[in-house]
Amino acid sequence: MIIGANSLINKDIPDNSVVAGVPAKVIKTFDEYLEKRALDEAVKGIGGEAVSKEAEEFLWEKFWKDKGALEIVKYQMHFVSVLERKRQK
């Protein structure tokens, strides 16, 4: 459980939750919070820094869950065509 600074707790807080505010309200589950943190860490790595192995695995897992196989093939074909156009210039 995570409780935001200066939050006013006026009722029971569910387990595995993140709460904040006055009065405190559930913002997200702790698992959702961890996913967002992993994504935030991965985005920081885009600026040239190394991406942690955990963040890399999380992003690949999310990519495969969120994209259908057809969408993946379309993306790969588009990427290859962009590379080809750049090589021809």
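Residues numbered from 1 in each chain as written. Predicted model: local features only at pLDDT ≥ 70, side-chain atom pairs only at ≥ 80, totals over all residues. Heavy atoms only, no water.

1. Some points on the sheet that holds strand E1 (residues 2-3)
Piece 1. In space, the three strands of this open sheet follow the order E1-E2-E3, with mixed pairing throughout. The open sheet is flanked by E1 and strand E3 (25-29), the only strands paired with a single partner.
Piece 2. Bridge analysis of strand E2 (residues 17-20) against E3 gives four bridges, and the strand direction is antiparallel. Its bridge partner lying in E3, Val19 is registered against Val26. (Pairing = 2+ DSSP bridges. Helix = DSSP H or I, 4+ residues; strand = E, 2+ residues; numbered from the N terminus.)

2. Quick notes on unusual backbone geometry
Piece 1. The step from Val22 to Pro23 runs through a cis peptide bond, and the omega angle for that step is -5°.
Piece 2. Turning to its location among the elements, Pro23 is positioned in the loop between E2 and E3.
Piece 3. Non-glycine residue Asn6 carries a positive phi angle of around 60°.
Piece 4. Structurally, Asn6 can be placed in the loop between E1 and E2.
Piece 5. Look at Asn6 and you get exposed, because its relative accessible area is 74%.
Piece 6. Positive phi values are uncommon outside glycine, yet Asn16 reaches one of about 60°.
Piece 7. In this fold, Asn16 is placed in the loop between E1 and E2.
Piece 8. Judged by its relative accessible area of 36%, Asn16 is partly exposed. (Buried < 20%, exposed > 50% of the residue type's maximum accessible area, 1.4 Å probe, protein only.)

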